[in-house]
Amino acid sequence: MGETSVQKAASRDGSLDCQRRCVLVVGGSGYVGSVLVRQLLQKGYKVRVLDRFLYRNSLALEGICDEPALSIVRGDLCRAEDRERALDGATDVVLLAALVGDPISRKYPELTRDVNETGARALAEACNRRGIRNFVFTSTCSNYGLRETAEPATEDSELKPLSIYAETKVAFERFLLDQRASFDFIPTILRISTAYGTSPRMRFDLTVNEFVYALASGQTLEVFDKDTWRPYCHVRDISEAISLVLEAKAEIVSGEVFNVGSDENNFTKAMIVGEIRKHIQCDERVRFVEGGSDPRNYRVSFRKISEKLGFRAQHPVAEYVPELIRCIQSGMYLRLDEIRDYYGNYKVAS
């Protein structure tokens, strides 16, 4: 019997050589994916991207599409032939692809279930018995929903999905954990905080990015339910957490769930506005409104990922807000109104 891809990537001392590993990033042209792909290439990995370009977001890979260590498969996670092409020769898989966020999932409920749940299951099953080492699934802290206590949620806290988006994430989490004994790869679940920060596929429909853009560009900002809590994490820190899982020993990450973020980045919406106000005179342009349609309210603990993986967020909200203001006011996003759909998950390409 021939060696698997992972066996070939193993050095004599039993460690895994990143230069001989090929990481398949499913959704590699997205907000997180386009940052992760660049980071993995810099670390010396071979990278393959499987992406449908659901938001016409292929531009996110335009500047690196000729990198020798990068290959791109334009295809659909839900199509068997596309999965097979993308998995050929891969040693590890990172599943980012999903309809991400409550608004887009409400707008396309059937597509959300097809991609986030049915397609994700099919991918996991296709990875079995083909020499894949790591299967990293990016879930969401939105799974904690509405908490009735101020105590930060741990990975063992009750899940209370309040949207189709969170429901599909919880369903696939349970599938991975229930089936892990039958898988020959290492499954790891990362519950990601709400992301922020710049990306080649920039999004301005995420709280920190949205608030900063509105106030830095002179607009009026309506803030619903200002005292609701969320955890936040910079997109580069999210990518680093994924890299840490790929590099970790199997016994540390196999079948484990990690919240991804940092305790200092638990913020209410009002607190985020407060950070922006430190750098912009905007009091008269902020309106606080009660009775929004999103009831989520949760703080999260990140002790486990810190202790088990040594993860430390390097881009806290308080320090990054002025950097994002500078990027916006420098004119980097002058085409936002012209190609609005590129800058957020508003609608899928027909």
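All figures in this text were calculated on a predicted structure; none of them were measured in a lab. Along each chain, residues carry numbers from 1 onward, in the same order as the chain's sequence is written. Only residues with pLDDT of 70 or above have their local features reported here, since the model is predicted, and side-chain atom pairs are shown and tallied only from 80 upward, although totals for entire chains, interfaces and linings are computed over all residues. To get the side-chain values, take all heavy atoms of the structure and skip hydrogens and water.

Visitor: Sorry if this is basic, but what is going on with the pairing of strand β1 (residues 22-26) here?
Guide: Looking along a regular strand, one sees side chains alternate from face to face of the sheet. Counting buried residues along β1, 5 of its 5 residues qualify, which places the element largely inside the surrounding structure. To sort residues, take the accessible area from a 1.4 Å probe on protein chains only and compare it with the maximum for the residue type: under 20% means buried, over 50% means exposed, and anything in between is partly exposed. Secondary structure elements follow DSSP: runs of H or I of four or more residues count as helices, runs of E of two or more count as strands, with numbering from the N terminus. Neither face of β1 is left uncovered, since the one carrying Cys 22, Leu 24 and Val 26 and the one carrying Val 23 and Val 25 both have all their residues buried. When DSSP locates at least two bridges between a pair of strands, those strands are taken to pair. Pairing between β1 and strand β2 (residues 46-51): 5 bridges, direction parallel. Along β2, the bridge assignment pairs Val 25 with Val 49. Taken together, β1, helix α2 (residues 33-43) and β2 form a β-α-β motif whose crossover is right-handed. When β1 meets strand β4 (residues 92-95), the two strands line up parallel, connected through 4 bridges. Classification remark: right-handed applies to a crossover when, strands pointing away from the viewer, the course from the first strand over the helix to the second runs clockwise.

Visitor: Can you help me understand the side chain of Ser 199 in this one?
Guide: Mapping Ser 199 onto the fold places it in the loop between β7 (194-196) and α7 (207-216). We define a polar contact as two N or O atoms separated by no more than 3.5 Å, with the added condition that, inside protein, one atom must be a possible hydrogen donor and the other a possible acceptor, whereas residues neighbouring each other in sequence contribute only through side-chain atom pairs. There is a polar contact of 3.1 Å between the side chain of Ser 199 and the side chain of Ser 34.

Visitor: Before we go on, may I ask you to explain the sheet that holds β7 in this structure?
Guide: Pairing between the strands of a sheet comes from backbone hydrogen bonds, and it takes one of two forms, parallel or antiparallel. The strand order β7-β9-β11 describes an open sheet built from 3 strands, whose pairing is mixed. Where the open sheet ends on each side, the last strands, each with one partner, are β7 and β11 (266-268). Averaged over all pairs of adjacent strands, the angle between their axes in this sheet comes to 50 degrees, without regard to strand direction. Contacts between residues were defined by any pair of non-hydrogen atoms, one from each residue, lying within 4.5 Å. The axes used here are C-alpha line fits, helices contributing only the stretch in contact, and every angle between their N-to-C directions lies in the interval 0 to 180 degrees. Against the sheet, helix α8 (residues 235-247) makes contact with β7 and β9 (229-234), and its axis sits at roughly 75 degrees relative to β9, the strand it touches most.

Visitor: Just to check I follow, could you spell out the packing of aromatic side chains for this structure?
Guide: Each aromatic ring pair is described using two quantities: the centre-to-centre distance and the angle formed by the ring planes. In summary, the pairing rule links any two rings of Phe, Tyr or Trp, Trp by its six-membered ring, whose centres are within 6.5 Å, and it sorts them by plane angle into stacked for under 30 degrees, edge-to-face for over 60 and tilted for everything else. According to the stated counting rule, one finds 12 aromatic pairs in the structure shown. Each ring, one from Tyr 196 and one from Tyr 320, has its centre 6.1 Å from the other, and the planes form 50 degrees; the classification is tilted. You can see Tyr 196 sitting in strand β7 and its partner Tyr 320 sitting in helix α12 (residues 317-329), a full 124 residues away along the chain. Between the aromatic rings of Tyr 342 and Tyr 343, the centroid separation amounts to 5.3 Å while the plane-to-plane angle is 85 degrees, which identifies the pairing as edge-to-face. With relative accessibility at 10%, the residue Tyr 343 sits in the buried group. Among the aromatic side chains, those forming a connected cluster through ring pairs are Phe 135, Phe 137, Phe 172, Phe 175, Phe 183 and Phe 185. Definition used: whenever NZ (Lys) or CZ (Arg) falls within 6 Å of the ring centre and also within 35 degrees of the ring normal, the charge is taken to sit over that ring. Over the face of the ring belonging to Trp 229 we find Arg 299, whose NZ or CZ atom lies 4.0 Å from the ring centre. The ring of Phe 258 carries the charged tip of Lys 304 above its face, separated from the ring centre by 4.9 Å.

Everything listed is a geometric property; what it means functionally is a separate question.
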